[in-house]
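This is what each chain is made of:
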Amino acid sequence: MNEPATNPDPAAIAVKMRVIPRDQHRISRKDISSGALRVLYRLNEAGYAAYLVGGAVRDLLLGGHPKDFDIATDATPEDVKRLFRNCRLIGRRFRLAHVVFGQEIVEVATFRGSSDDGSGDRHVVDGRILRDNVYGTIEEDAIRRDFTVNALYYDIADFSVRDYVGGYDDLDARVLRLIGDPVQRYREDPVRMLRAVRLAAKLEFAIAADAREPFADLGELLLHAPPARLFDESLKMLLAGNGAKSFRALERSGLLDDVFPLTARALAFRGGEQYRALIEAGLAGTDARIAQGKSVTPAFLFAILLWGAVRAQVEREVARGTEVNLAWQRVSHQVISEQAKHVAIPRRFGLVMQEMWTLQPRFEQRQKKRVFRLMAHPRFRAAYDFLLLRAAESPAMAELAQWWTQAQETSHEGLAEQLSAIPEAGDAALPAESVAPKKRPRSRRRGKPASPPRAAVE
Ligand code: ATP
Ligand code: MG
């Protein structure tokens, strides 16, 4: 877990334990990973409390198949380390134990306390909390979690489920309810708003009214959330199999403005509906790839989310007289820097995005040499996949995308022959609203054919 150390005031939250015995819930040990079971049993045999907790319990109760299993215990990380040779301690702020079984990593966390009463191991230097090992009781551990349905504990001692905050009933009613006062919990950690949107979309749950209402006022707190954390959360939201649903939910929640302001603005502009279709198609395609077990890259996702802004700004720059290739280069860079103030975009993805974008105008140039040069470009495939999405923008783009699809299916000789008919320096069949180079300065065209555009892509 990766949330701040602030926790709710336990006095403000009603805690009442309810035990759901093994024969009254649907969790079966055969659905729990072998690694998690081994950790639970070993802790229990050594005399510690050991529970499966969080998303895994929630998903098992819903009949799903959790991808990771988190464990909560009253054993300290050092105790855990003594019990497992395959264990490493991680985390500086709050120490966690990772027990490793081949591919599987089981995260074991000691019950976390609610406040610093001096009993814990808290190290504060210059006002910053460097280590925050304030251990607590299971009740305290439950109430500092975000949603009631995320605070259910499966007890390995008797296979019962323990509920301290009403999560079992909320799960039944399919509602996400924050533990404690929503405004306070969002102020402690604004990313919880995005978690609400993401989990509601993924689980097809409703967000409780009092957990939805603060979005309008508190959404802007996300402007100050750490960009690296928002990057992680964005991937969980949009690149984990439920991207299309999550994006719609994010837009509806109003939080898109705070996390992807450039996207929100582009959707509100002229042509917003076509752009929405492009985003929908891109996310649906990504979801389908994930469902088929294929790889997906954050570069493609962010290239989609920022395309509206890139396109509009290039148009503006060109209208102002900036040379076309320079405009593409400059705008690509600017848009990424602007977005990275909110959501971090690691450099390696930023570079791929810039290439995908700056190659787009080159699809509109269909002179023989240029076509073959573009096809040989190392980033051609990614840029072409992006072009296919752009087919949603206009009939002219759909036609262009189709042309390139056919071009790839045509033999080299066949294509060469077809293209010989197109004059080298002409502007062959450019879509009307194209932002490709329209006319090059006369002087550069005299004599030899103009050299192909060289953006920052080669
Ligand atoms: P997913 O299915 O996406 O993994 P999850 O609920 O398991 O959903 P994790 O990020 O794996 O999400 O977190 C595990 C558990 O840690 C949550 O179920 C919740 O109990 C707690 N948690 C995570 N993030 C926060 C947060 N920001 N504030 C409070 N509790 C949190
Ligand atoms: Mg999880």
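Because the structure is predicted, anything quoted here is derived from the model rather than measured.

Viewed as axis vectors pointing N to C, helix α16 (residues 324-340) and helix α17 (residues 347-358) meet at an angle of 140°, and their least axial separation amounts to 10 Å. Along this stretch, α16 crosses α17, giving a crossing that reads as right-handed. Counting all contacts with α16, which are made through Trp328, Gln329, Ser332, His333, Val335 and Ile336, the residues of α17 involved are Gly350, Met353, Gln354, Trp357 and Thr358. The residue makeup of the contact of α16 with α17, split by class, is five nonpolar, six polar and no charged.

Let's shift gears to the confidence of the model for the protein chain. Within the protein chain, residue pLDDT values average 88, and 86% of them lie at 70 or more. Residue range residues 426-458 is modelled with pLDDT below 50. Its contacts to residues more than four positions away, or to other chains, number 65 contacts.

Take the environment of Leu43 next. Position of Leu43 among the secondary structure elements: in helix α1 (residues 34-45). It is 8.0 Å that separates the C-alpha atoms of Leu43 and Thr73, two residues lying 30 residues apart in sequence. What Leu43 contacts, discounting residues up to four positions off in sequence, is Tyr48, Ala50, Ile71, Thr73, Ala75, Val80, Leu83 and Val108.

Attention shifts here to the packing of aromatic side chains. Applying the stated criterion across every chain, the model contains 16 aromatic pairs. Seen in terms of ring centroids, Phe94 and Tyr135 are 6.1 Å apart; in terms of plane orientation they differ by 80°. Their pairing is edge-to-face. Remark: Tyr135 occurs in the loop between β8 (128-133) and α4 (138-143) and Phe94 occurs in the loop between β4 (87-90) and β5 (96-101); sequence separation between them is 41 residues. Residue classification places Phe94 among the buried residues on the basis of a relative accessible area of 8%. Relative to Phe349, the ring of Phe231 lies with its centre 6.2 Å away and its plane at 25°, an arrangement referred to as stacked. A residue pair is termed long-range when its members are at least 10 positions apart, and Phe231 in helix α10 (residues 227-238) and Phe349 in helix α17 qualify at 118 residues. Phe349 carries the same exposure label as Phe231, and that label is buried.

The rules behind these values
Residues numbered from 1 in each chain as written. Chains lettered and ligands numbered in written order. Predicted model: local features only at pLDDT ≥ 70, side-chain atom pairs only at ≥ 80, totals over all residues. Heavy atoms only, no water. Axes fitted to C-alpha atoms, helices over the stretch in contact; angles between N-to-C directions. Helix = DSSP H or I, 4+ residues; strand = E, 2+ residues; numbered from the N terminus. Left-handed = near helix turned anticlockwise from the far one by under 90°. Contact = heavy atoms within 4.5 Å. Nonpolar A, V, L, I, M, F, W, Y, C, P; charged D, E, K, R; others polar. pLDDT = per-residue confidence, 0-100. Phe/Tyr/Trp six-rings, centres within 6.5 Å; stacked < 30°, edge-to-face > 60°. Buried < 20%, exposed > 50% of the residue type's maximum accessible area, 1.4 Å probe, protein only.

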